[in-house]
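# A structural walkthrough
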Amino acid sequence: MLKIDAHTHILPKKMPNWSEKFGYGDFIYLQHHKKGFAKMMRGNQFFREIKENCWDARVRIEEYEHFNTKVQVVCTIPVMFSYWAKPLDCLDLSRFLNDHLVDLVKTFPKNYVGLGTVPMQDADLAIEELHRIKKEGLAGIQIGSNINDENLSESKFYSIFEACATLGLAVMVHPWNMMGEKQMQRYWLPWLVGMPAETARAVCSLIFGGIFERLPHLRVMFAHAGGSFLPTLGRIQHGFDCRPDLVAIDNPVNPKSYLGKFWIDSVTHDPLLLEYVLKLQGSKRVMLGSDYPFPLGDLEIGRFIEDMHLPPNVKEDIYCNAAAEWLQLTKEQFEK
Ligand SMILES: [Zn+2]
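The notes below deal with the structure included here. (Residues numbered from 1 in each chain as written. Predicted model: local features only at pLDDT ≥ 70, side-chain atom pairs only at ≥ 80, totals over all residues.)

### Quick notes on the sheet that holds strand β11 (residues 286-287)
Spatial ordering of the open sheet is given by β1-β5-β6-β7-β8-β9-β10-β11, a layout of eight strands whose pairing is parallel. Single-partner strands in this sheet number two, and they are β1 (4-9) and β11. Alignment of strand β5 (residues 71-75) against strand β6 (residues 112-116), held across three bridges, turns out to be parallel. Bridging across to β6, Gln72 finds its partner in Tyr112. (Pairing = 2+ DSSP bridges. Helix = DSSP H or I, 4+ residues; strand = E, 2+ residues; numbered from the N terminus.)

### Considerations on unusual backbone geometry
Excluding glycine, most residues fall at negative phi; most peptide bonds, likewise, are trans. Omega for the bond connecting Tyr292 with Pro293 falls within 30 degrees of zero, at 0°, which places this linkage in the cis form. By the secondary structure assignment, Pro293 is in the loop between β11 and α11 (303-306). One non-glycine residue, Asp291, lies in the positive phi region at around 70°. Looking at where Asp291 falls in the secondary structure, it is placed in the loop between β11 and α11. Positive phi values are uncommon outside glycine, yet His309 reaches one of about 55°. Checked against the element boundaries, His309 lands in the loop between α11 and α12 (312-327).

### Observations concerning the nonpolar core
Val171, Val220, Met221, Phe222, Met287 and Ala323 are the most contacted members of the largest nonpolar core, which totals 89 residues. Ranked by residue count, the leading element in this core is α12, at eight residues. Setting aside residues no more than four positions away along its own chain, Val171 makes contact with Gly140, Ile141, Ile143, Cys164, Leu218, Arg219 and Val220. (Core = buried A, V, L, I, M, F, W, Y, C linked by C-beta atoms within 7 Å. Buried ≥ 20, exposed ≤ 12 C-beta atoms within 10 Å, placed from the backbone. Contact = placed C-beta atoms within 7 Å.)

### Focus: helix α6 (residues 189-208)
The terminal C-alpha atoms of α6, which comprises 20 residues, lie 27 Å apart, in line with the 28 Å expected from a rise of 1.5 Å per residue. In the structure, α6 departs most strongly from a straight axis at Met195, where the bend amounts to approximately 30° and where the proline Pro196 lies between one and four residues downstream. Burial analysis of α6 places 14 of its 20 residues in the buried class, which makes it a mostly covered element. Remark: Gly210 follows α6 within two positions and exhibits a positive phi of approximately 80°. (Expected span 1.5 Å × (residues − 1). Bend = angle between axes of the 7 residues up to and from the residue.)

### Some remarks on the packing of helix α4 (residues 123-136) against helix α5 (residues 158-167)
Closest axis-to-axis distance for the α4/α5 pair is 9 Å, and the angle between their directions is 15°. As summarised for this structure, α4 and α5 are arranged roughly parallel, according to the angle between their axes. Between α4 and α5 lies a crossing whose hand is right-handed. Together, Ala123, Ala126, Ile127, Leu130, His131 and Lys134 of α4 and Ser159, Ile160, Ala163, Cys164 and Leu167 of α5 make up the contact between the two elements. For the contact of α4 with α5, the per-class residue count stands at eight nonpolar, two polar and one charged. (Axes fitted to C-alpha atoms, helices over the stretch in contact; angles between N-to-C directions. Parallel < 35°, antiparallel > 145°, perpendicular 65-115°, else oblique. Left-handed = near helix turned anticlockwise from the far one by under 90°. Nonpolar A, V, L, I, M, F, W, Y, C, P; charged D, E, K, R; others polar.)

Keep in mind these values describe shape, not function.
Written out as structure tokens, the structure is:
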């Protein structure tokens, strides 16, 4: 059975030192300090160490063979978004990352599908880049759960979503720039608590802001099984019912009616939670995802799903049908 991993991250092995090039800012750059490893530096500060499976296309394909998974949907690491930078500089950086993905997808069309990045802080530039990556063969974009702390429901972002819907580009929403990060530095809380909350913030913003209502053909996927949105949907629904004066001010439609209209990945680390989200979303809207190659990801690429004894048609939906529909690709294009 074809397996498509809908959530993985990749970087080019070599990137410019954008801080030097632009003369400001803590842009990410790589220090290749020993064979097979690199330090991601944010300005002069160490951010994290990455291994060659973060940039080497062939190493990645080999690692995936162990898990019988052929296709990786690749996008950059959210810390690369650089939405805080001057818009033209962010466009320059985005184009560099997108060109790397375009090359990768052209070289390994049966193994990689690319999701680009765009300068969300400037809708005109973002849309210009959307047109370019569409022409170059990327399947969509990855965006942050907030844009410089602003919610995705802000009207300034609407034209970007509209362009994605018109161009038929898929959108992946990934948590980043976590709310409360400064106040919860210990225990890895920004990743364990902030990230799921960020994703719920993004889902709620797109629902309550009426974006899904106005753009029914927009195809959006939320990382990490939608974060805390689905597990707290009862509360969100109750809030919508009991205080419509606060919640339903921009969209009168019941939040539960959007279940099954957006996609999520399977990154739950929990069969019980996966069963629950499958019940809510339906198997056509839940995709195999791993967050490879990072330690908080499901680095056995869905082995827990294999152990769940789901019906074969449900497994096939999770492994490939849901992703093929989200990305508007055919399964045949990945066959030999
Ligand atoms: Zn991720």
